[in-house]
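Structural description and commentary
The residues making up each chain are set out below.
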Number of protein chains: 2
Amino acid sequence: MKDHQTVFVEFLQGRGLKYTRNRKIILDIVFGLHEHFDAEQLYDLARKETRAMSRATVYRTIPLLCEAGLLQQSVRSSARDTFEHIYGHPKHIHWVCTRCGAVIETDLAEVMAVLKQEAKRIGFSADEIKFNVVGKCWKCGSIENE
Amino acid sequence: MKDHQTVFVEFLQGRGLKYTRNRKIILDIVFGLHEHFDAEQLYDLARKETRAMSRATVYRTIPLLCEAGLLQQSVRSSARDTFEHIYGHPKHIHWVCTRCGAVIETDLAEVMAVLKQEAKRIGFSADEIKFNVVGKCWKCGSIENE
DNA sequence: ATATAAATTGCGACTCAATCTCAATATATG
DNA sequence: CATATATTGAGATTGAGTCGCAATTTATAT
C-alpha cells in the first residue's frame, strides 16, 4: 500500500498542482492526528510549524486532501466542519454522544456485506461511508437516570 | 401511533411552551414535504401561508421539532443545514450522489440487527441513525466513463 | 369577558466559519 | 537562469445561523 505522501503527490501531479512546503506540513499534521479535527485546529497546529501559514491555505488544502481520498468530512459536533483522515483506516461507525460529545468508533465490517449488495442492486458506486449514530454513551446514559 | 401534531403539542406542553399559529404552519409544512429541505426553503413555503413569519421563527422552531423527535438533521448537500421529518418513518440509508445531488433512500432493516447488538455491547442508547453513503448514482457513474 | 403573567414574534444587528480577490512569492521545466 | 504557472497571505466579503429587544400573542385565573 502506498503511503499517504505518495498518494497526495501523485494526486497533485495528476492535476498539475505542486507539492509545496505548506501542503506537506498540513498532510503530516493530518496523519499525525488520530482524532477528528476542524480547520481552525489544523491551522493552529500548522502555525506552530511555520509562521508562513494562513487560514486560506488550510481551507484550500482540505478539499484537496478529500479529493485525493485521504481525508473525509466527519460528524459535525460543533459549529465547524470536522474531518478525519481515512487512508488506510478500516471503515467504522461513529457513536456520537449528545451529552459529553464523545465519539466512539466501532468496526463496520459486518455491515459492509449488506451494503455492497445494496450498492450493486441500485448501481451506486460508493466513495465514502458515513455511518453515525447519535445518542448517549454508557456514562451519560446512566447520569440521565440519576 | 400518535399523529405528529399530538406529539408536538405534548412536547411543547411538557416544557411550558405554546402551540402557536406559526408553529402549526411550520409543522404542517414539514410533514407535508416528502423530501429533504433547508431552513430557507421552509421559510419560503411558510411565507406563502402567512406574511407574519420570520426567518427567526423558522430557525427557532426547527430545533424544537428535532428535540420532539419529529425532525432530524440530514445529509448536508449544500452550504445549508438540511432536515427531514422522521416521525413514523422507517430508518433508511441515504445514497448521496456527488455529481447530480440526488439522494436515494433504501431500507436500513437488515443493518439494524447488527447495530442493536453493537449498541448493547458498548452500552450506547441511540436516538438518531445517520447512515450516508457518498458516491455516484447509476446515471452519473456511467456519464463519468464516457 | 377581562386581567395578568409569561411565551412568542419580527426586525435587524450581529457572529463567525468559510470563501474570494489580488498582488507578491514560490515552484517546476526547459 | 528565464519563463510560465501555481501558490500564498492578508484582509475583504459572503451568507447561514443567532441574538436582543420591544411589541404582540397566548394561556390561565378571576
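Note that this is a predicted model, so its numbers are computed, not measured. (Residues numbered from 1 in each chain as written. Chains lettered and ligands numbered in written order. Predicted model: local features only at pLDDT ≥ 70, side-chain atom pairs only at ≥ 80, totals over all residues. Heavy atoms only, no water.)

What follows is about the sheet that holds strand 3 (residues 82–85) of chain A. Residue and element names in this part refer to chain A. The three strands are arranged 1-3-2 in an open sheet whose pairing can be described as antiparallel. A single partner strand is all that each edge strand has here, and the edge strands are strand 1 (37–38) and strand 2 (71–73). Bridge analysis of strand 2 against strand 3 gives three bridges, and the strand direction is antiparallel. Bridge pairing links Gln73 to Phe83 in strand 3. Taken strand by strand, helix 4 (residues 55–67) contacts strand 2 and strand 3, and its axis lies near 105° from that of strand 2. (Pairing = 2+ DSSP bridges. Helix = DSSP H or I, 4+ residues; strand = E, 2+ residues; numbered from the N terminus. Contact = heavy atoms within 4.5 Å. Axes fitted to C-alpha atoms, helices over the stretch in contact; angles between N-to-C directions.)

It is worth spelling out the domain arrangement of chain A at this point. Residue and element names in this part refer to chain A. Assigned domains of chain A: these are domain 1 (1–89) and domain 2 (91–146). Taking only C-alpha atoms, the centre of domain 1 and the centre of domain 2 are 24 Å apart. Contacts between the two partners involve seven residues from domain 1 and, on the opposite side, ten residues from domain 2. Of the roughly 730 Å² buried between domain 1 and domain 2, counting both surfaces, carbon and sulfur atoms make up 51%. At the boundary of domain 1 with domain 2, the tally comes to zero salt bridges. Counting every contact that joins domain 1 to domain 2 gives seven residue pairs in polar contact (both at pLDDT 80 or more). (Domains from an automatic or database assignment. Buried area = accessible area lost by both parts, 1.4 Å probe. Salt bridge = Lys/Arg side-chain N within 4 Å of Asp/Glu carboxyl O. Polar contact = N/O pair within 3.5 Å; in protein donor to acceptor, adjacent residues only side chain to side chain.)

Close to DNA strand C lie 18 residues, the nearest being Arg23(B), Ala52(B), Met53(B), Ser54(B) and Thr57(B). For DNA strand C, the fraction of atoms within 4 Å of the protein that belong to sugar or phosphate moieties is 72%. Contacts to DNA strand C include Arg60(A), whose side-chain N or O atom sits 3.4 Å from a base oxygen. Between DNA strand C and the protein, one listed contact pairs a phosphate oxygen with a backbone N or O atom of Lys18(B) at 3.0 Å. Sorting the residues of the surface near DNA strand C by element identifies helix 4 of chain A together with helix 2 (21–32) and helix 4 (55–67) of chain B as the ones contributing at least two each. When grouped by side-chain class, the residues that make up the surface near DNA strand C number six nonpolar, five polar and seven charged. (Near = heavy atom within 4 Å. Nonpolar A, V, L, I, M, F, W, Y, C, P; charged D, E, K, R; others polar.)

Here we come to the protein's contact with DNA strand D. Among the 18 residues in the neighbourhood of DNA strand D, the closest are listed as Arg23(A), Ala52(A), Met53(A), Ser54(A) and Thr57(A). Among all atoms of DNA strand D positioned within 4 Å of the protein, those belonging to sugar or phosphate total 73%. With respect to DNA strand D, the backbone of Met53(A) contributes an N or O atom lying 2.7 Å from a phosphate oxygen. Contact between DNA strand D and Ser54(A): a phosphate oxygen at 2.6 Å from a side-chain N or O atom of the residue. Every element with two or more residues in the surface near DNA strand D is listed here: helix 2 (21–32) and helix 4 of chain A together with helix 4 of chain B. Within the surface near DNA strand D, the residues separate by chemical class into six nonpolar, five polar and seven charged.

On to the interface of chain A and chain B. On the side of chain B, 32 residues touch chain A, which itself brings 32 residues to the contact. Both faces considered, chain A and chain B share a buried interface measuring about 2800 Å² in area, 66% of it formed by carbon and sulfur atoms. Applying the counting criterion to the chain A and chain B interface returns two salt bridges. Asp81(A) is paired through a salt bridge with Arg76(B); the nearest N and O atoms lie 3.8 Å apart. Along the contact surface separating chain A from chain B lie ten residue pairs in polar contact (both at pLDDT 80 or more). Contributions of two or more residues to the side of chain A that touches chain B are made by strand 4 (92–97), strand 5 (103–107), helix 5 (109–122) and strand 6 (125–136) of chain A. Looking at the side of chain A that touches chain B, the element that brings in the most residues is strand 6 of chain A, giving twelve residues. Both strand 6 of chain A and strand 6 (residues 125–136) of chain B contribute to a ladder of eleven bridges, which runs antiparallel.

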